[in-house]
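# Close look at the chain arrangement
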Amino acid sequence: MVHEYSSAARLSLNSYEEDMGPLLAPRLAQFAAVARHEHVTRAAHELGVPQSTLSRALVRLEQDLGVALFARRGRTLALTPAGRTFLASVERALAEVERAADSVRADADPGAGRVAFGFLHTMGSETVPALIRAFRVDHPRVRFTLVQNYGEAMLDRLRAGELDLCLTSPVPDEPGLVARRLDEQRLRLVVPDDHRLAGRKRVRLAEAAEEPFVTLEPGYGLRRITDDLCAEAGFRPRVAFEGEEAETLRGLVAAGLGVALLPPPAVARPGVVELTVTGQRAVREIGVAWLEGHPDTAPVAAFKKFLLAQRGHLLPKGSRAPAGELG
């Protein structure tokens, strides 16, 4: 006998305007199992729930929807037209949930999971590839999603949960984030090879006070460090050009358009001379950051432990600032 529903059993107009997802979600798999078996007892056995519990869940589901999903004939059930329409969408939804579950389980797999790792543009050509190569000696199947960006943009993505870890500079000190200093990278005053200072090996930053500077845009960590070092040297840099990548700035210097404070390049660039800055500590700190209280998957925990073990040895030797270096 097909159940009939009085208007009292149906949802009110206001109820239809509410979000039905949280209300229906626990019962979708139960509905799909009954639809598959066309029999409550067999479906209850498959799901491992009492038959009476499943029967009540189906009745409540139909009451919440205000639609009969099954025609009952003795112990068997047959889908109504509404039930067939509902089942098609339910099966798609359950399949999508299963795909999502498979994805997050795969990402958390200790041997072959995924790490979302952010880092500065200047670390992309040499430092990060060497780190990942060394890490994968013991974790050969761990996968990486790599994101290159400037520091504040990476921290935004870290706060949003899009990254597990990031290498950044300056090392952040703010609520909600945990950060550990790993290394210091020396900065050099880069000048054109025909510049008046090009014949020198060492220079005080104050000697470049009247020079046009090419710098990264405001918001980049290296721009803040440049401004701070120049202020410490007694002047405010006269910025001629602003860019987004250190190697672009190096190209502008080679073209004679200004000077720049930059970390060492992975490959020497013709047309420029890189001078040691004396009289002040011209370095930038590099650190790793993650969300405070955020649980790590096994691959993220392993890579975090690996990074922390690189303290003092993160950067290539030629790029690293020796302890106590003042020039």
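Refer to the preceding data block for the structure.
Residues numbered from 1 in each chain as written. Predicted model: local features only at pLDDT ≥ 70, side-chain atom pairs only at ≥ 80, totals over all residues. Heavy atoms only, no water.

In this section: the overall build of the protein chain. Looking only at helices and strands, the protein chain features 10 helices and 13 strands. Relative to its 327 residues, the protein chain shows a buried fraction of 44%. Taking all contacts inside the protein chain whose residues are at least 6 apart in sequence as the whole, residues at least 24 apart take part in 74%. Just so you have it, the protein chain exposes about 17,100 Å², and 52% of that area is on carbon and sulfur atoms. (Helix = DSSP H or I, 4+ residues; strand = E, 2+ residues; numbered from the N terminus. Buried < 20%, exposed > 50% of the residue type's maximum accessible area, 1.4 Å probe, protein only. Contact = heavy atoms within 4.5 Å. Areas by Shrake-Rupley, 256 points an atom, 1.4 Å probe, with all protein chains shown as cover.)

Below, the discussion takes up the environment of T145. Following the sequence through the fold, T145 ends up in strand β4 (residues 143-148). Spatially, the C-alpha atom of T145 lies 7.1 Å from that of R114, the residues being 31 residues apart in sequence. In contact with T145, not counting residues within four places along its chain, are R114, V115, A116 and F117. A polar side-chain atom of T145 sits 3.0 Å from a polar atom in the side chain of R114. (Polar contact = N/O pair within 3.5 Å; in protein donor to acceptor, adjacent residues only side chain to side chain.)

Take the side chain of T276 next. Within the secondary structure, T276 is located in strand β12 (residues 272-278). What makes T276 buried here is its relative accessible area of 17%.

With mixed pairing, 4 strands are arranged side by side in an open sheet as β8-β12-β7-β11. Of all strands in the sheet, those with a lone pairing partner are β8 (202-204) and β11 (260-262), marking the two edges. The average angle at which neighbouring strand axes cross in this sheet is 45°, direction not considered. In the sheet, strand β7 (residues 188-192) pairs with β11 via 3 bridges, with the strands oriented antiparallel. Paired with V190 across the bridge in β11 is A260. (Pairing = 2+ DSSP bridges. Axes fitted to C-alpha atoms, helices over the stretch in contact; angles between N-to-C directions.)

Further remarks concern the pattern of salt bridges. Inspection of every chain in the model, using the stated rule, returns 22 salt bridges. In this structure, the salt-bridge partner of E96 is R99, at a minimum N-O distance of 2.6 Å. Taken together, the positions of E96 and R99, both in helix α5 (residues 81-108) and 3 residues apart, correspond to about one turn of that helix. Its relative accessible area of 44% is what places E96 among the partly exposed residues. (Salt bridge = Lys/Arg side-chain N within 4 Å of Asp/Glu carboxyl O.)

With that settled, the discussion passes to helix α6 (residues 127-135). Residues T127, V128, L131, I132 and F135 constitute the buried set of α6. Axial view of α6: buried residues confined to an arc of 125°, hence all on one face. On its buried face, α6 sits against β3 (114-119), β4, β5 (165-168) and α10 (298-308). (Arc of directions from axis to C-beta.)

Once that is clear, we can look at the sheet that holds β4. Picture the strands of a sheet paired through backbone hydrogen bonds; they go either parallel or antiparallel. In spatial order, the strands read β4-β3-β5-β13-β6; together these 5 strands make up an open sheet with mixed pairing. Of all the strands in the sheet, just β4 and β6 (177-186) have a single pairing partner and so form its edges. The sheet shows a mean angle of 20° between the axes of neighbouring strands, taken without regard to direction. Judged from the 3 bridges that link them, β5 and strand β13 (residues 283-291) form a sheet pairing that is antiparallel. Within β13, the residue paired with L167 across the bridge is V288.

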